[in-house]
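Descriptive analysis of the structure
If you want the building blocks of each chain, they are given just below.
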Amino acid sequence: MTHEFRDERDQDRYAMYVDGELVSVLDRRENADAVAFPHTYTVPKHRGHGYAADLVAYAVDDIETNSSKRIVPMCWFVGKWFDDHPEKADLLSRGTAD
């Protein structure tokens, strides 16, 4: 199986594909200082494989590596991901992204 992560800026999201098929998306909203993640979705037939967690990890790493922005976890799943990864807590923002 081939896993591919994409930063689909034209659709304001990160996406994960497995063997060319879209399996999970992470919506985002950006402003000058922050990136908010308001919604995570995994295609029902692909749930239970950890794809959403892999996608959130990819997005967090991308933001940490390529920007100085902070993350606003508006989606419960992203909030839980940060609870499970306290080593990334310094990336969190108390503000909101428009």
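Quick note: structure is the one above.
Bear in mind the structure is a predicted one, so any value in this text is a computation, not a measurement.

Another point: the sheet that holds strand E1 (residues 3-8). Taken together, the five strands give an open sheet; going across it, the order is E1-E2-E3-E4-E5, and neighbouring strands pair in mixed fashion. Two strands close off the open sheet at either side, each with one partner strand: E1 and strand E5 (70-72). Adjacent strand axes in the sheet meet at a mean angle of 25° when their direction is disregarded. Running at roughly 130° to strand E2 (residues 13-18), helix H1 (residues 51-66) makes contact with E1, E2, strand E3 (21-30), strand E4 (34-42) and E5 of the sheet.

Here the structure, examined in full by the defined rule, presents five aromatic pairs. Between phenylalanine 5 and tyrosine 58, the ring centres sit 4.8 Å apart and the planes meet at 10°, which makes this aromatic pair stacked. Taken together, the positions of phenylalanine 5 in strand E1 and tyrosine 58 in helix H1 put the pair 53 residues apart, joining distant regions of the chain. In this structure phenylalanine 5 comes out as partly exposed when scored by relative accessible area, which is 28%. By relative accessible area, which is 27% here, tyrosine 58 ends up partly exposed. When the ring of tryptophan 76 is compared with that of phenylalanine 77, the centres are 5.6 Å apart and the planes differ by 80°; the resulting orientation is edge-to-face. These aromatic residues form a ring-pair network of at least three members: Phe5, Tyr14, Phe37 and Tyr58. Taking NZ or CZ as reference, arginine 6 lies 3.8 Å from the ring centre of tyrosine 17, over its face.

Cut-offs and rules
- Residues numbered from 1 in each chain as written.
- Predicted model: local features only at pLDDT ≥ 70, side-chain atom pairs only at ≥ 80, totals over all residues.
- Heavy atoms only, no water.
- Pairing = 2+ DSSP bridges.
- Helix = DSSP H or I, 4+ residues; strand = E, 2+ residues; numbered from the N terminus.
- Axes fitted to C-alpha atoms, helices over the stretch in contact; angles between N-to-C directions.
- Contact = heavy atoms within 4.5 Å.
- Phe/Tyr/Trp six-rings, centres within 6.5 Å; stacked < 30°, edge-to-face > 60°.
- Buried < 20%, exposed > 50% of the residue type's maximum accessible area, 1.4 Å probe, protein only.
- Lys NZ or Arg CZ within 6 Å of the ring centre and 35° of its normal.

The values reported here are purely geometric and, on their own, carry no functional implication.
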